[in-house]
Amino acid sequence: MIRIGSGSPPVMAAPGQQADMIVVDKTARTLTLLQKGSLIRVYKVSLGAHPQGHKTQEGDERTPEGSYVIDWRNDNSIAHLSLHISYPNQEDADQAAARGISPGGNIMLHGILNGWGGLGGWHRLWDWTNGCIAVTNEEMQEIWSLVPTGTPIRIEA
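Described in the following lines is the structure provided in the data block. (Residues numbered from 1 in each chain as written. Predicted model: local features only at pLDDT ≥ 70, side-chain atom pairs only at ≥ 80, totals over all residues. Heavy atoms only, no water.)

A few points about the side chain of serine 46
In step 1: With respect to the helices, strands and loops of the structure, serine 46 is situated in the loop between strand 3 (38-44) and strand 4 (66-74).
In step 2: Residue serine 46 is classed as buried on the basis of its relative accessible area, which comes to 1%.
In step 3: A polar atom in the side chain of serine 46 sits 3.2 Å from the backbone oxygen of tryptophan 126.
In step 4: Serine 46 has contacts with His123, Arg124, Trp126, Asp127, Trp128, Cys132, Ile133 and Ala134, leaving out every residue within four places of it along the chain. (Helix = DSSP H or I, 4+ residues; strand = E, 2+ residues; numbered from the N terminus. Buried < 20%, exposed > 50% of the residue type's maximum accessible area, 1.4 Å probe, protein only. Polar contact = N/O pair within 3.5 Å; in protein donor to acceptor, adjacent residues only side chain to side chain. Contact = heavy atoms within 4.5 Å.)

Structure, rendered in structure tokens:
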């Protein structure tokens, strides 16, 4: 049922409409897009299946906490479009190395898994990702167009 790729990504919004900061509140399950400190949009999200606490190792199914950057985008993803979050940062990598474990990686902001888009907002009834941040496919289309590569993202407990 899962397939790779989910169609063409939308055109980027004009620079004056794009976000310059993303804030994720894990407790409230929200993702907020900001531009010069002003709210652009707020979305409800699903998180990793074990969302309490900071991601510390591969396979813990936690969504990281801290300051990162959207550093690349994938329009050929197993979920409807995806924006890569720069986890692990140097501190995350150093802490995992000190414990002799992998910090994990490939943390994305994405839509629903391809083939499951019909779930729409129902996906928010539980935290189901492996540590990623998920929105509906329609929301991901909008976010893709509003968030340029290089946008900072702060993920808060």
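Focus on the environment of glutamine 95
In step 1: You can see glutamine 95 is positioned in helix 1 (residues 90-98).
In step 2: By relative accessible area, glutamine 95 is classed as partly exposed at 39%.
In step 3: Spatially, the C-alpha atom of glutamine 95 lies 9.5 Å from that of glutamine 57, the residues being 38 residues apart in sequence.

Some details on the side chain of histidine 84
In step 1: Looking at where histidine 84 falls in the secondary structure, it is placed in strand 5 (residues 82-85).
In step 2: For histidine 84, a relative accessible area of 8% translates into the label buried.
In step 3: Engagement of the side chain of histidine 84 in a polar contact is seen with the side chain of aspartate 71, the distance being 2.6 Å.
In step 4: Residues in contact with histidine 84, not counting those within four places in the same chain, are Val69, Ile70, Asp71, Trp72, Asn106, Ile107 and Met108.

Some thoughts on the packing of aromatic side chains
In step 1: Scanning the model with the defined rule gives one aromatic pair in all.
In step 2: Relative to tyrosine 87, the ring of tyrosine 68 lies with its centre 6.0 Å away and its plane at 65°, an arrangement referred to as edge-to-face. Within this pair, whereas tyrosine 68 is found in strand 4, its partner tyrosine 87 is found in the loop between strand 5 and helix 1, the two being separated by 19 residues in sequence.
In step 3: Stacked on the ring of tryptophan 144, the Lys or Arg arginine 73 has its end atom at 4.7 Å from the ring centre. (Phe/Tyr/Trp six-rings, centres within 6.5 Å; stacked < 30°, edge-to-face > 60°. Lys NZ or Arg CZ within 6 Å of the ring centre and 35° of its normal.)

Quick notes on the pairing of strand 4
In step 1: Taken together, the four bridges between strand 4 and strand 8 (residues 152-156) define a ladder with antiparallel strand orientation. Across the sheet, residue tyrosine 68 finds its bridge partner in strand 8, namely isoleucine 153.
In step 2: Pairing of strand 4 with strand 5 involves four bridges; the strand directions are antiparallel. Each bridged residue has a counterpart across the sheet, and for arginine 73 the counterpart in strand 5 is leucine 83. (Pairing = 2+ DSSP bridges.)

Notes on the nonpolar core
In step 1: Core analysis: the biggest nonpolar cluster contains 27 residues, and Leu31, Leu33, Ile85, Leu109, Ile133, Ile143 and Ile153 have the highest contact counts within it.
In step 2: Among the secondary structure elements, those contributing two or more residues to this core are strand 1 (21-25), strand 2 (30-35), strand 3, strand 4, strand 5, helix 2 (137-146) and strand 8.
In step 3: Other than its neighbours up to four places away in sequence, leucine 31 contacts Ile22, Val23, Val24, Arg41, Val42, Tyr43, Val45, Leu109, Ile133 and Ile143. (Core = buried A, V, L, I, M, F, W, Y, C linked by side-chain atoms within 4.5 Å.)

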